Amino acid sequence: MGCPMMHVSVAGLKTGRPHGILSERALYSLCALNFFMADVQAGIGPFLGVFLQRHGWQTGPIGSVMTAGGIAGMIATIPAGAFIDQTTKKRLFVIIAALCTISASLLLLSSQSTFVVTISQLATALAGAGIGPLMAGMTLGIVRQKGFNAQIGRNQAWNHAGNMVGAGLSGWLGWRFGLSAIFFLEIAFGLLAVAAVLMIPEKSIDHQAARGLEEADSHDTRKAEGFRSFLRHKPLLILAACLCFFHLGNAAMLPLYGMAVVSAGKGNPAMFTAMTVVVAQAVMIGVSLLAMRFVASRGYWVVLLISFAALPLRGLIAGTFIQHWGVWPVQVLDGIGAGLQSVAVPGLVARLLDGTGRINVGQGVVMTAQGIGASLSPALGGWLAQDLGYSTAFYTLGCFAILSVGVWVCSASVMRSAECVPA
C-alpha cells in the first residue's frame, strides 16, 4: 500500500492551481510538444548504429562515439538543471535545444568522418541534457505538485507515441528511400516541436512552482537550498545509484540488438531497427498511463522495483534468441522498464525535493547518474560484442540490473519513508 499522500487525482484538469482553471491550450500544447520533441530529443537514436555500419564503422568505434556524446550530456545535465531552476525563459531554451539537435543531424548527414560524427553526438547530447529538466520544469510550473504525477504520465504517453510514430515513419522512409531520409523526418518533427512550444502561453508557467517553491510569493522568505544539500540527501543518492547501474546495462541493448539481428542477415536495417523502437514505445504508452495509477496505489518504490527487475530477463532473452521474432519479448520488457521509470523517476524527484527550490537540479542529478551508466553502456556493449560476441554482451549487460535490484531492496525502508513524508 502507498502512503495516503500518494493518492492523487488523475482525472480532468484539477491541478490545485490557486489562480483559476488552467488554460486547456497550455496542456494540449504541452502534450503536442512531448509528441514532437520525442523524435528530436533522441536524434536518429537507434538508427545511428546501422547508419554508421553502412558507412564501414565497426561496433567498437560506434559504441565509443556514442559514449563520447553520453559523457558530454552527463557533464552538462546538473548545470542545465540549475540554470532551468533560475530562468524564466524556458520556452526559448526548448527551441534552442531543438534547433541544436536538428543542426547536429544535418552535420552527421553531410559527413561520416570520426570528427564530424563525434561533434554531432556531442551537440545532440548537450541539447538533450537540457530537454529533460526543461520538460519537467515546465510541467511542474503549469500543473504544480498536485497535478504533476497525472500530467507527467500523460506527457510520457505522448512522448512514447511520438517515438513510436517517428520510428515507424523512419523505418518506412529508410526502407523506401534509404537511411538518409530519416534525417529529413527529424527536421520536420523539430519544426513542429518549435511550433508546439510557442503555443504554450508564457503566463501559464509559474516559474516558482517549476523549481519547487510552490507557495513562495513576495512575502515568503524561503530560499532555494544550497547545492551541498544534495550530498546529504540519502534517498536521492540511492535513486541515482540504482539508475546508474540500470542504464549501464540497458542503454546499449536496443542499438546492439538491432545490429546483432541485421549483421546476421535476419532483418532489413531500417525496418527492423524501426520495429525494435515501435514495439517498445507502444508498450510504453500503455505503461506510462498505468504507471501514475500504480504510483498512487502502491507508491514509487514498488513501481521502480518492477522496472529494475525487467532488465536481467531482457538480457537473458536477447542473448539467447538473436532472431527477427526476438524483438517482441526483448522490446516488450524494455517498454515495461523504461515506461515505468519515465513516470516514476521525475515524479519521485519532485516529491523528494518539494520545497527545496532545486527540483530541476535534482532532476539533473538523477539524469547525470543515468548518463554515467548510459554513456559507458554503448562502449562496453560494443567492445564486448566485437571481441566476445553479441550473446556474451547481452548476458553481461543484463547482470548490471541485478545490482540495482539489490541496492533498491536493501534501501526499502529509507525510500518508502522518504516518499511518504512531505518535504
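Up top you'll find the structure we're talking about.
Bear in mind the structure is a predicted one, so any value in this text is a computation, not a measurement. (Residues numbered from 1 in each chain as written. Predicted model: local features only at pLDDT ≥ 70, side-chain atom pairs only at ≥ 80, totals over all residues. Heavy atoms only, no water.)

Novice: Honestly, helix H6 (residues 181-198) in this entry has me stumped. Any pointers?
Specialist: Residues three or four positions apart in an α-helix share a direction because the helix packs 3.6 residues into each turn. The end-to-end C-alpha separation of H6 is 27 Å, in line with the 26 Å expected for 18 residues at 1.5 Å each. Three or more residues of H6 are buried, namely Ala181, Ile182, Phe183, Leu185, Glu186, Phe189, Gly190, Ala193, Val194, Ala196 and Val197. (Helix = DSSP H or I, 4+ residues; strand = E, 2+ residues; numbered from the N terminus. Expected span 1.5 Å × (residues − 1). Buried < 20%, exposed > 50% of the residue type's maximum accessible area, 1.4 Å probe, protein only.)

Novice: Help me understand the nonpolar core in this model?
Specialist: Side chains that are nonpolar tend, in soluble globular proteins, to be buried together. One finds Phe394 and Trp408 to be the most contacted residues of the largest nonpolar core, which totals 78 residues. In terms of residue count, helix H11 (residues 327-352) provides more of this core than any other element does, eleven residues in total. Excluding residues that lie within four positions of it along the chain, Phe394 makes contacts with Met253, Leu256, Tyr257, Ala260, Gly315, Ala318, Gly319 and Ile322. Counting residues in each nonpolar core, the second largest holds 30 residues, with Phe35, Ala127, Met138 and Val197 among its members. (Core = buried A, V, L, I, M, F, W, Y, C linked by side-chain atoms within 4.5 Å. Contact = heavy atoms within 4.5 Å.)

Novice: Help me understand the packing of aromatic side chains, please; the structure alone is not making it clear to me.
Specialist: Both the distance between ring centres and the angle between the ring planes are used here to describe each pair of aromatic rings. Per the counting criterion, the structure on display carries eleven aromatic pairs. For the ring pair Phe83 and Phe93, a centre distance of 4.8 Å and an interplane angle of 85 degrees mean the geometry is edge-to-face. A residue pair is termed long-range when its members are at least 10 positions apart, and Phe83 in helix H3 (residues 59-86) and Phe93 in helix H4 (residues 90-110) qualify at ten residues. By relative accessible area, Phe83 is classed as partly exposed at 40%. (Phe/Tyr/Trp six-rings, centres within 6.5 Å; stacked < 30°, edge-to-face > 60°.)

Novice: It is not clear to me how the pattern of salt bridges should be interpreted in this structure. Could you clarify?
Specialist: Opposite charge on two side chains allows them to pair when their charged atoms are near. This structure, assessed with the given rule, holds three salt bridges. In this structure, Arg91 engages Glu202 in a salt bridge whose closest nitrogen and oxygen atoms are separated by 3.1 Å. With a gap of 111 residues between them, Arg91 in helix H4 and Glu202 in the loop between H6 and helix H7 (234-250) connect regions that are remote in the sequence. (Salt bridge = Lys/Arg side-chain N within 4 Å of Asp/Glu carboxyl O.)

Novice: What should I look at first to understand empty space enclosed by the protein in this one?
Specialist: Any empty space left between the atoms is revealed when a probe the size of a water molecule rolls over them. A complete count under the given rule lists five cavities of 30 Å³ or more for this structure. Put simply, the second largest cavity is a space of about 70 Å³. Lining of the second largest cavity is provided by Thr59, Ile62, Gly63, Met66, Ala252, Pro255, Leu256, Met259, Pro378 and Gly382. Elements supplying a minimum of two residues to the lining of the second largest cavity: H3, helix H8 (253-263) and helix H12 (359-388). If you tally residues by element for the lining of the second largest cavity, the top one is H3, at four residues. (1 Å grid on protein atoms, 1.4 Å probe; cavity = no way out; pocket = protein on both sides within 12 Å on 5 of 7 lines; lining within 4 Å. Points joined across faces, edges and corners; volume = space filled by probe spheres on them.)

Novice: What is the right way to read the side chain of His247 from this model?
Specialist: Position of His247 among the secondary structure elements: in helix H7. Setting aside anything within four residues of it in sequence, one finds His247 in contact with Gln341, Gln370, Gly373, Ala374 and Ser377.

Novice: Hey, could you run me through the packing of H11 against H12 in this one?
Specialist: For any two helices packed against each other, one specifies the crossing angle of their axes together with the interaxial distance. Two elements in contact, H11 and H12, have axes whose closest approach is 9 Å; the angle formed by their N-to-C orientations is 135 degrees. Accordingly, the angle class assigned to the pair H11 and H12 is oblique. In this structure, the crossing between H11 and H12 has a hand that is right-handed. Contacts between H11 and H12 pair Gln341, Val345, Pro346, Val349 and Ala350 from the former with Ile359, Gly362, Gln363, Val366 and Gln370 from the latter. When its residues are assigned to classes, the contact of H11 with H12 shows six nonpolar, four polar and no charged. (Axes fitted to C-alpha atoms, helices over the stretch in contact; angles between N-to-C directions. Parallel < 35°, antiparallel > 145°, perpendicular 65-115°, else oblique. Left-handed = near helix turned anticlockwise from the far one by under 90°. Nonpolar A, V, L, I, M, F, W, Y, C, P; charged D, E, K, R; others polar.)

Novice: Even after reading the chapter, I still don't get a nonpolar patch on the surface, so can you show me in this structure?
Specialist: Among the surface-exposed residues, Trp172, Trp175, Phe177 and Met271 lie close enough to one another that they form a single nonpolar patch of about 480 Å² accessible area. Along the polypeptide, Trp175 turns up in helix H5 (residues 114-177). (Patch = residues over 30% accessible without salt bridge, like charges linked within 9 Å, V, L, I, M, F, W, Y side chains within 5 Å. Areas by Shrake-Rupley, 256 points an atom, 1.4 Å probe, with all protein chains shown as cover.)

Novice: What should I look at first to understand the environment of Arg351 in this one?
Specialist: Relative to the helices and strands, Arg351 is located in helix H11. Exposure remark for Arg351: the relative accessible area of 14% places this residue in the buried category. Sequence spacing of Arg351 and Phe148 is 203 residues, and the spatial spacing of their C-alpha atoms is 9.5 Å.

Novice: I'm lost on unusual backbone geometry in this one. Help?
Specialist: Phi is mostly negative for residues that are not glycine, and the peptide bonds are mostly trans. Although it is not a glycine, Arg144 sits at a positive phi angle of roughly 65 degrees. In this fold, Arg144 is placed in helix H5.

Novice: What should I look at first to understand the packing of H3 against H5 in this one?
Specialist: Direction vectors running N to C along H3 and H5 enclose 35 degrees, while the axes themselves pass 7 Å from each other. Judged by the sense of rotation from one axis to the other, the crossing of H3 with H5 is right-handed. Contacts between H3 and H5 involve Val65, Ala68, Gly69, Ala72, Gly73, Ala76, Thr77, Ala80, Gly81 and Ile84 from the former and Val117, Thr118, Gln121, Leu122, Ala125, Leu126, Ala129, Gly130, Pro133 and Leu134 from the latter.

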